[in-house]
Amino acid sequence: MNRPERPNRLEIHDNDALSAARDLIEACADAREMGQKIQEAVARNAAWRGEECINLLAPEAPTSPTVRALLSAEIGTRAAEGHIGKVNRWFAGTRHIDEVEALCVELLKKHFRCAYADHRLCASMIGNAVVYTALSEPGDVIMSAAQPVGGHSSNRMDGPAGAMGRKIVDIPFDPQELVVDIDLFRNIAPLVRPKLVALGLSMTLFPQPVVEMKEVIGEWGGRLFFDAAHQLGLIGGGQFQDPLREGADIMTGSAGKTFSGPQSGIIVWDDPEITRPVTTAIFPVWAATHQVNRVAALAMATAEALAFGEKLQAQIVANAKALARHLHERGIPVLGAHKGFTTTHQAIADVTAFGRGLKVAQTLERAHIIVNKNLLPSDRKEDWDYPGGLRMGTIEVTRYGMKEVEMAKIAELIARIVVEGEEPERVRAEAVALRRSFPKLYYCFENGTPLA
Ligand SMILES: *Cc1c(COP(=O)(O)O)cnc(C)c1O
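A. Focus on the site of the ligand. Neighbouring the ligand are 15 residues; Met125, Ser202, Asp227, Ser254 and Lys257 lie closest to it. Within the contact set of the ligand, an oxygen atom lies 3.1 Å away from a backbone nitrogen or oxygen of serine 124. Here an oxygen atom of the ligand and a side-chain polar atom of serine 202 are 2.7 Å apart. Coverage of the ligand by the protein amounts to 83% of the 390 Å² it exposes when considered alone.

B. Looking closely at the side chain of asparagine 293. Note on placement: asparagine 293 falls in helix 11 (residues 292-329). For asparagine 293, a relative accessible area of 15% translates into the label buried. Within the structure, the side chain of asparagine 293 is placed 2.8 Å from the backbone oxygen of leucine 71, a separation counted as a polar contact. The residues touching asparagine 293, leaving out its near neighbours within four places in the chain, are Leu70, Leu71, Ala73, Ile75 and Gly76.

C. Spatial organisation of the domain arrangement of the protein. Once the domains are mapped, the protein shows domain 1 (65-302) and domain 2 (308-436). A separation of 28 Å is found between the C-alpha centroids of domain 1 and domain 2. In this assembly, 24 residues from domain 1 lie in contact with 28 residues from domain 2. Counting each side, the surface lost to burial between domain 1 and domain 2 is near 2100 Å², with a carbon and sulfur contribution of 62%. Broken down residue by residue, the surface that domain 1 buries against domain 2 is led by Pro148, Leu205 and Phe206, which jointly contribute 27%.

D. How the structure looks around the pairing of strand 3 (residues 141-144). Sheet analysis places strand 3 next to strand 4 (residues 167-170), joined by 4 bridges and oriented parallel. Of the residues in strand 4, the one forming a bridge with methionine 143 is valine 169. In the sheet, strand 3 pairs with strand 7 (residues 196-200) via 3 bridges, with the strands oriented parallel. From the neighbouring strand, methionine 143 faces strand 7, where its bridge partner is valine 197.

E. Spatial organisation of the packing of aromatic side chains. Applying the stated criterion across every chain yields a total of 4 aromatic pairs. Residues phenylalanine 308 and phenylalanine 445 carry aromatic rings whose centres are separated by 5.5 Å and whose planes lie at 55° to one another, so their mutual orientation is tilted. Placement of phenylalanine 308 in helix 11 and of phenylalanine 445 in the segment after helix 15 (424-436) is noted, with a sequence separation of 137 residues between them. For the cation-ring pair, lysine 339 lies above phenylalanine 206, with the distance from its terminal atom to the ring centre recorded as 4.3 Å. Over the face of the ring belonging to tyrosine 400 we find arginine 435, whose NZ or CZ atom lies 3.8 Å from the ring centre.

Parameters and conventions
Residues numbered from 1 in each chain as written. Predicted model: local features only at pLDDT ≥ 70, side-chain atom pairs only at ≥ 80, totals over all residues. Heavy atoms only, no water. Near = heavy atom within 4 Å. Polar contact = N/O pair within 3.5 Å; in protein donor to acceptor, adjacent residues only side chain to side chain. Areas by Shrake-Rupley, 256 points an atom, 1.4 Å probe, with all protein chains shown as cover. Helix = DSSP H or I, 4+ residues; strand = E, 2+ residues; numbered from the N terminus. Buried < 20%, exposed > 50% of the residue type's maximum accessible area, 1.4 Å probe, protein only. Contact = heavy atoms within 4.5 Å. Domains from an automatic or database assignment. Buried area = accessible area lost by both parts, 1.4 Å probe. Pairing = 2+ DSSP bridges. Phe/Tyr/Trp six-rings, centres within 6.5 Å; stacked < 30°, edge-to-face > 60°. Lys NZ or Arg CZ within 6 Å of the ring centre and 35° of its normal.

Here it is, written out as structure tokens:
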């Protein structure tokens with residue numbers, strides 16, 4: 001049974017975590033008990049993260065009971081490669097799968113007011129790879145935003161864009177205004193004539209000059225790709241700029257961030273000219289079996305967004321503004337103060353004066369307040385593990401029915417720990433009590449919207 005130890009084996013994952021798991025497995029009497037260990041860890045997470053934490057992670061959203069139930073539906077055990085339709089599928093027996101997938105596609109088109117949508121991306125990251133495959137070639141110059149101003153690895157050298165041999169030039173940013181420096185862009189873009197400009201921001205507070213950027217690159221037929229991973233739900237709910245209407249050629253987004261659906265990706269566009277390259281980059285290049293249970297859940301989340309999206313997203317933004325303002329007033333500097341802090345679900349705090357992002361995030365976790373460390377425009381990319389900022393998002397707290405009053409309370413709890421140095425363990429009971437007083441998930445067909 002015991003395999004020889006190989007202590008010097010290279011491991012990128014945390015070695016202690018893996019070795020703890022090995023010990024746990026070896027201590028089990030049989031495989032059934034090993035299975036039990038999985039159930040127990042999942043249950044611990046559900047009890048802690050699901051019921052006892054104030055969750056302010058910007059890329060996370062809880063899903064409605066119906067959406068969650070669909071994720072374990074029978075249809076998820078079926079294979080359905082290919083495009084929708086009898087002839088297009090490799091496998092027989094897909095007639096009801098076709099129905100579900102067609103519903104999903106048409107609901108997405110309706111919600112995002114666009115001509116084309118695809119449902120087969122198991123992650124938004126894969127959607128970005130699809131765009132690079134469809135609209136550019138190895139060796140092409142593209143432009144994208146660097147990580148310290150909010151850019152995401154998927155559009156950089158260390159992600160699909162770089163791995164697929166695209167040459168990357170930075171989109172110039174104004175670190176004060178937290179938007180693209182359009183004057184500099186007008187100077188730089190014509191020098192490199194990018195085939196594709198990827199505007200993707202994981203740190204996103206304000207609308208970007210999409211119209212102006214498209215005008216510039218349109219000169220040589222450059223295409224604008226808006227990576228709306230974070231803002232997708234806001235855009236669908238009409239609470240952010242509408243990139244497709246402003247000239248973006250294509251938009252990808254995460255279904256599990258502001259959109260509040262099952263974690264996966266969405267891709268939408270209007271131009272029939274790119275329909276063939278995009279659709280064939282999805283299949284057979286980047287998707288084979290594509291989790292039909294997830295497609296069903298995505299379709300349901302889109303129906304929820306049609307019914308509740310506008311209200312939900314407006315409250316998410318109102319809550320982010322309130323959270324940012326209260327934090328700022330309590331002595332934690334928040335970016336964008338001179339512009340009203342934020343127009344999205346995010347608030348970005350500068351905690352360089354309080355021990356930097358990692359330490360503050362770990363301290364807040366002890367109080368059951370979950371946030372993430374984040375690069376600031378003043379950080380270098382190499383500082384990713386020791387950045388100066390904190391990113392907070394209001395998706396989950398909003399879906400549980402919290403409003404501006406609760407944001408003030410959350411800011412108070414955070415400031416007591418971060419600014420006043422109160423022990424997180426002493427604040428924890430209040431955080432748990434606040435979370436427990438909002439047990440019901442809203443903006444879904446089961447529970448409707450919270451009372452005004
Ligand atoms: C989160 C994110 C992605 C990746 O999305 P997944 O759905 O997690 O694959 C891509 N781009 C940006 C800007 C992001 O923030």
